[in-house]
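Topology and contacts: notes
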Amino acid sequence: MSLTVAQASDRRGDAAFNRSAARQLGLFGLATLIGLAALMWGLNLLASLTATAGGAPPAVDAANNAITVMLAEEPPQLDSTRATDQVSGLVLGHVMEGLLRYDQRGELAPGVAEHWRIDETGATFRLRADARWSDGQPITAHDFVFAWRLGLDPANASQYAFILYPIKNGEAVNQGRLPLTELGARAVDARTLEVAFERPIAFFDKLTAFATYLPVREDFYRAAEGRYGAGADQLLYSGPFAITSWVHGQSLQLDRNPHYWDQARVRLDRISVGYITSDPNTRLNLFKDEKIVMTGLTAENLNSALEQRWRIHRFMDGSIFYLEFNHREGRPTRNLNFRKALALAQDSGELVYKVTKAPGYLPGESLFPRFLDGVHGKFRDEHPARVRQMDLRAARAHLRQARQELGLDEFPPLVLLAGDNPVSNVQTEYFQAVFKRNLGLDIKIDRQIFKQRLAKMTAGDFDLVLAGWGPDYNDPLTFGDLFASWNLNNRGRYASAAYDRQVRIAQGAMDAPTRMAAFAEMQRIIHEDVVIIPNYERGVAYVTHPRVKGIVRRVVGADTDYTYAWIDP
Amino acid sequence: MTEAAFTADDFQPAAAAHSAQAASRPSLSYWQDAWIRLKANRRALSSLYLVIGLLLFTLIGPLIWTVDPSLQDLEQISQPPGADRNAVVVAPHSPWNGVARQPLGGGLGLAEPPTTQSVRLAWEPLPDAAGYRLYRNLFPYEPGQPLGLPLFATFNADRRHFEDRLDLKPRTYHYSVAGLDAQGEVTGAVRSLEVAVARVVTAQDAQDIGLVADAGQLSPGDRIKLRAHPLGTDYLGRDLLARLMAGARVSLFIGIAAPLLFIAFGVIYGAAAGFLGGLADQALMRFSDFVVALPFLLFMILLRVASGVQPGESGITPMVLAMVLLSWPAAARLVRGQILQIREEGYVSAARLLGGSAPYLVLRHMIPNTLGVILVTMTFAVPTAIFTEAFLSFIGMGVAPPTPSWGSMCNEGIKTMLTTPHELIFPALFISVTVLAFNLLGDGLRDALDARMRSAE
């Protein structure tokens, strides 16, 4: 009896205990929830504090007259005599100015040179008195002579040395056959620059707007001790902006250069490169969040741009992309029939319209893009490119022939070198499947980041490479001399006497019809010798911040150019 | 006093009391018992079925779904599952000279029926236009709203036709043509057209993707059903189901081979350390501490570079090697702890007294008694290894294209996450489900095998 009572009371106690435990648990849970909420709120506060303190600025900062932009990649370095890539060109276009420059309509305009005179034997440039470096010292003719000698110095090994060859003795100096002082460029006095030509040249004025022709001041260069152009402090600026901070891999800040002579044309005070990313989704989100003023669109995010009802612009940037063969000894791609087989087994229309799907791209047909001028109209209208239609039967016949000529039973796997970005990733996998299906060839894909790819291209460590070329100046020669046997940018080492001869003609002749005929001949040789397989001409579909006006996209010169941009009030 | 009367029977031995001593149930071995316990655990059992299903998917699946995982069906790029597959056969694309084969309506019109191969547009002159710009949009034209994607621009007022081939999908598009003045500004005159695009395929493409044996069997106008893709296709029109199966092979191979190897090594190492004891134990275990301290990712990258993986070769071997080199200490520590304990047990002392050699003691008495622990560790190591593989492939350190793996498929899918989410969802789902199944199975095995857990019941 007593036992059962005890049990009952125990049970009651249990119930009471359970109730109190439940209450305690509930209280504890509530406290936890409140604590968590407080913690999150606190963290959020902290995050917002740091964001305002050191975070990225907004796309448009009207109070400071500043905009924020992004770059696809970081410039490897900014020594203008050694710069090769587009990103370096973009940054140099903002912080440097040469003798001449391109204006917002894409026309040549005077830069450091006030006026100039060019004839068949040479040119004379008169420098303006108020052109100054960012440290306040005047820009002199000697700075140009020094830069050009530097560009041609064999010890400097500039890949763009060839662009200085029109200057008398340029090629000989570059090959070490003559001392640097024999270069045909002379500073008559501080403000007069005299240039003698190797042979008559029709477009020297256009060349002087190019990066390799930019001035470099000797005392500053020597003081940098080989680190010229490696950081913000190791560069002297002659352009509308100056780099005030360069955090490698992260950001650059360009501020108005107070010593620049043409202050009237510069309307922004600051351009921040807040982001360095080549990921299109990141860029689109940055644009959506108003962190950057402009972004390009890819096939994947085109529809979301349409749904946002953004105003989309389109621009052909004049770059061509192609599959370049390695023409070095010992590579199967040295065989003409093999190259023909590959060219006939693919279809650039399918690549552009179905696979890459990038808005704005046009199928590649020629080495010479459509924007180039001919004698009267466009070069490509006057000399239409011949195009190989995909033809599998012919392709296989050429492959059989190549196999016999090379004495191979089976072709070894080909190494396809490519950049590591979404467009070329899709492209490489497409080519891998196409050549496997249509020709039974195995392709190994070698994806490399930009610097590494350039190094491998230079070393010839590839069979095929996805390469591209943008124009340096507005003349077909900028594409034409790419496959001259002496050009260091001819990474496949294609060498043909007939082609070289045409390049020499185009370099030396002064009249347009002769030169255009030479380019047409080059176009024919490229096609018949299958030096490359043209993939596409690049166009860009892009969106801009509605308040930022005057962003200049241009085919030749720095693209994109923000030096003319302003913020709409 | 009563007289005791004994008979001879009383001196017979009593019959054995069978009923009292008989085992009521059959005797169970350790493993049988574990199996019964596992069976009782619903969660573990269903995850075991999942794992078996996954193995069937990987091994038997490709025999049933015999689609080449690297076959590119360019007619069906980034198709979600269950998309319409009807198509009409057309002649191969040929360049167009701008001549309209059918009458244009007023303003902007179609020169030919619109197909996914091409939409051929032509338009009547617009007032005061020195040039034209053609746009394509997903939405109908509204004054004041953007016209869409500019496809084409010309300053030749006589050029009034354009062929659109860019990524045409079987859906409705709205084309607009706007007049431009001499400065390239829009004059305000706009003509608009709604176009419903029909899906087509050429005979050659139908042959390439294996719909017909010979392209000659098809003639323009034939109706045809494109390839079925139960889980849709990726950005190059490759079948997602086939790629998931092929990817599972890579993932499961690494997920099982790597743990097998590193646990085998860990067991030997840990058993040696535990059995030898003393200074040798100290030295061996401090070395394992050193290995634990190595950063996995850095080591992985170093190993990949050092092993000279050529471009285009898959990095599976260095990946397995790196996992084996870096992951064994966990198993070694566990086994060492067990051996230290078992070494002091009575039956081991008895065996030693009876003259059992060291290898005999370890192999006969010690390791079998740690098998439960080893098995549990193994089951937990599998999902970790699968996840590591997926992660490394995701950051591009894994397999080389065109070999798929779940991680690299996720990496590819994430680029089109917003437009075609299925390319990311399916591989991600497979990774998650696999990892979860192995983890739950490991949980159940631990419950079933661990003696201490049992005594706590």
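Residues numbered from 1 in each chain as written. Chains lettered and ligands numbered in written order. Predicted model: local features only at pLDDT ≥ 70, side-chain atom pairs only at ≥ 80, totals over all residues. Heavy atoms only, no water.

**As for the overall build of chain A**
For clarity, the cut-off: Segments assigned H or I by DSSP are reported as helices when at least four residues long, segments assigned E as strands when at least two residues long, and all are numbered from the N terminus. The buried label applies to any residue whose accessible area, calculated with a 1.4 Å probe on protein chains only, is under 20% of its type's maximum; exposed applies above 50%, and partly exposed to all values in between. Charge counting treats Lys and Arg as positive and Asp and Glu as negative, with His and both chain ends excluded. Here the site of a charge means atom NZ of a Lys, CZ of an Arg, CG of an Asp or CD of a Glu.
Broken down by element type, chain A carries 17 helices and 20 strands. Considered along the principal axes of its C-alpha atoms, chain A spans approximately 125 × 70 × 45 Å. Counting over 569 residues, chain A shows a buried share of 54%. For chain A, the centre of its 65 positive side-chain charges and the centre of its 66 negative side-chain charges are spaced 5 Å apart.

**Considering the overall build of chain B**
For the record, the criterion: Using C-alpha atoms as the atom set, the radius of gyration is obtained and then compared with a globule rule of 2.2 Å times the number of residues to the power 0.38. By definition in these notes, contact holds between two residues if any of their heavy atoms fall within 4.5 Å. Only the protein chains shown count as cover for residues, and the accessible areas themselves come from Shrake-Rupley with a 1.4 Å probe.
When helices and strands are tallied, chain B shows 14 helices and ten strands. On C-alpha atoms alone, chain B measures out to a radius of gyration of 36 Å, which is more than a quarter above the 23 Å that the 2.2 N^0.38 rule sets for 457 residues. With respect to the three principal axes, the spread of C-alpha positions in chain B is 140 × 65 × 45 Å. Burial status across chain B gives 47% buried among its 457 residues. Of the contacts made within chain B by residues no fewer than 6 positions apart, 72% connect residues no fewer than 24 positions apart. Within the structure as shown, chain B displays about 23,000 Å² of accessible surface, and the carbon and sulfur contribution to it stands at 62%. Within chain B, one finds 34 positive and 37 negative side-chain charges whose respective centroids are separated by 3 Å.

**A short note on a nonpolar patch on the surface**
Residues and elements named next belong to chain B. Keep this limit in mind: Patch definition: residues above 30% relative accessible area lacking any salt bridge, with like charges linked at up to 9 Å and the nonpolar side chains Val, Leu, Ile, Met, Phe, Trp and Tyr linked at up to 5 Å. Between Lys or Arg on one side and Asp or Glu on the other, a salt bridge is scored when a side-chain nitrogen of the former is within 4 Å of a carboxyl oxygen of the latter.
Together, Leu 297, Ile 301, Val 305, Phe 391, Phe 394, Ile 395, Ile 414, Met 417 and Leu 418 give the surface a local cluster of nonpolar side chains, amounting to about 770 Å² of exposed area. Secondary-structure elements contributing two or more residues to the nonpolar patch are helix H8 (296-306) and helix H11 (358-394). Per element, the largest residue contribution to the nonpolar patch is three residues, and it comes from H8. Along the polypeptide, Leu 297 turns up in helix H8.

**Thoughts on the pairing of strand S15 (residues 414-419) of chain A**
All names here are of chain A. Put simply, the rule is: Strand pairing is assigned whenever DSSP identifies at least 2 bridges connecting the two strands. Think of it like this: strands point away, you trace from the first strand over the helix to the second, and a clockwise trace means the crossover is right-handed.
Counting buried residues along S15, six of its six residues qualify, which places the element largely inside the surrounding structure. Covered by surrounding structure in S15 are Leu 414, Leu 416 and Ala 418 together with Val 415, Leu 417 and Gly 419, the residues of both alternating faces. Examined bridge by bridge, S15 and strand S16 (residues 443-448) share six bridges and lie parallel to one another. By the bridge assignment, Val 415 is partnered in S16 with Lys 444. As a crossover connection, the stretch from S15 through helix H13 (residues 422-439) into S16 is right-handed. The pairing of S15 with strand S17 (residues 464-469) spans two bridges and is parallel. Bridge pairing in S17 links Leu 417 to Val 465.

**Focus: the sheet that holds strand S1 (residues 86-90) of chain B**
Residue and element names in this part refer to chain B. Note the following rule: Lines fitted to C-alpha atoms define the axes, with helix axes restricted to the stretch in contact, and inter-axis angles between N-to-C directions lie between 0 and 180 degrees.
Read across the open sheet, the three strands follow the order S9-S1-S10; overall the sheet is mixed. The outermost strands of the open sheet, each flanked by one partner alone, are strand S9 (200-202) and strand S10 (223-225). With strand direction ignored, the average angle separating the axes of adjacent strands in the sheet is 45°. Here S1 runs beside S10; their pairing, made up of three bridges, is antiparallel. By the bridge assignment for S10, Asn 86 is matched with Lys 225.

**Brief notes about the sheet that holds strand S3 (residues 119-123) of chain B**
Residues and elements named next belong to chain B. Pairing is antiparallel in the open sheet, where three strands are placed in the order S2-S3-S6. On the outer flanks of this sheet lie strand S2 (108-110) and strand S6 (161-164), each paired with one strand and no other. When the angles between neighbouring strand axes are averaged without regard to direction, this sheet yields 25°.

**Focus on the packing of helix H3 (residues 42-59) of chain B against helix H13 (residues 422-449) of chain B**
Residues and elements named next belong to chain B. The line we're drawing: Should an angle fall under 35 degrees it is taken as roughly parallel, and over 145 as roughly antiparallel, whereas 65 to 115 is taken as roughly perpendicular and any remaining angle as oblique. Note on convention: near helix rotated counterclockwise from far helix by under a right angle means a left-handed crossing. Clockwise means right-handed.
Closest axis-to-axis distance for the H3/H13 pair is 8 Å, and the angle between their directions is 135°. In terms of their interaxial angle, H3 and H13 are classed as oblique. The chirality of how H3 crosses H13 is left-handed. On the side of H3, the interface is formed by Arg 43, Ala 44, Ser 47, Leu 48, Leu 50, Val 51, Leu 54 and Phe 57, while H13 contributes Phe 430, Val 433, Thr 434, Ala 437, Phe 438, Leu 440, Leu 441, Asp 443 and Gly 444.

**Regarding helix H7 (residues 280-288) of chain A**
For an α-helix, the turn length of 3.6 residues means that residues three or four places apart are oriented alike. Residues and elements named next belong to chain A. We apply this condition: To obtain the arc, one takes the directions from the helix axis to the C-beta atoms.
Within H7, the full set of buried residues consists of Pro 280, Arg 283, Leu 284, Leu 286 and Phe 287. Down the axis of H7, the smallest arc covering the buried residues is 160°, so these residues share one side. As for H7, its buried residues are in contact with strand S2 (66-71), strand S11 (270-276), strand S12 (294-296), helix H8 (299-307), H13 and strand S18 (532-544).

**Considerations on the nonpolar core**
Heads up, the condition is: The set of buried Ala, Val, Leu, Ile, Met, Phe, Trp, Tyr and Cys residues whose side-chain atoms join them within 4.5 Å is what this entry labels a nonpolar core.
In terms of nonpolar packing, the biggest core is built from 116 residues, with Trp 148, Leu 193, Phe 204, Ile 243, Val 293, Leu 367 and Phe 483 of chain A touching the most fellow members. Considering every element that reaches this core, the biggest residue donor is helix H3 (residues 141-152) of chain A, with eight residues. Core analysis: the next-biggest nonpolar cluster, separate from the first, contains 76 residues, Ala 345, Val 530 and Tyr 536 of chain A together with Leu 138 of chain B among them.

**So, the environment of Ile 367 of chain B**
The residue Ile 367 of chain B is located in helix H11 in this model. Once residues within four sequence positions are removed from consideration, Ile 367 of chain B is found in contact with Val 267, Ala 271 and Val 362 of chain B.

**Some details on the confidence of the model for chain A**
Detail in the predicted coordinates should be disregarded across regions flagged by low pLDDT. Residue and element names in this part refer to chain A. Note the threshold: On a range of 0 to 100, pLDDT expresses the predictor's confidence in each residue.
Mean pLDDT over chain A works out to 87, with 95% of the residues at or above the 70 mark. When mean pLDDT is taken per element in chain A, H3 scores highest with 94 and helix H1 (residues 2-54) scores lowest with 69. Here residues 1-9 is modelled with pLDDT under 50, and outside its nearest four sequence neighbours on either side it reaches zero contacts, counting other chains as well.

**A look at the interface of chain B and chain A**
Stated precisely, the cut-off is as follows: Two parts placed together each lose some accessible area; with a 1.4 Å probe, that loss summed over both constitutes the buried area. Pairs of N or O atoms within 3.5 Å make up the polar contacts considered here, provided that, within protein, one atom can donate a hydrogen while the other can accept it, and that residues adjacent in sequence are counted only when both atoms are side-chain atoms. Each residue receives one of three labels: charged for Asp, Glu, Lys and Arg, nonpolar for Ala, Val, Leu, Ile, Met, Phe, Trp, Tyr, Cys and Pro, and polar for the others, Gly being one of them.
With 38 residues of chain B in contact, the opposing surface of chain A contributes 37 residues. Roughly 3,400 Å² is buried in total at the junction of chain B and chain A, and carbon and sulfur atoms are behind 57% of that figure. Counting the contacts that link chain B with chain A gives four salt bridges. Across the contact surface, chain B and chain A share six residue pairs in polar contact (both at pLDDT 80 or more). Of the residues in the side of chain B that touches chain A, the class split is 16 nonpolar, eleven polar and eleven charged.

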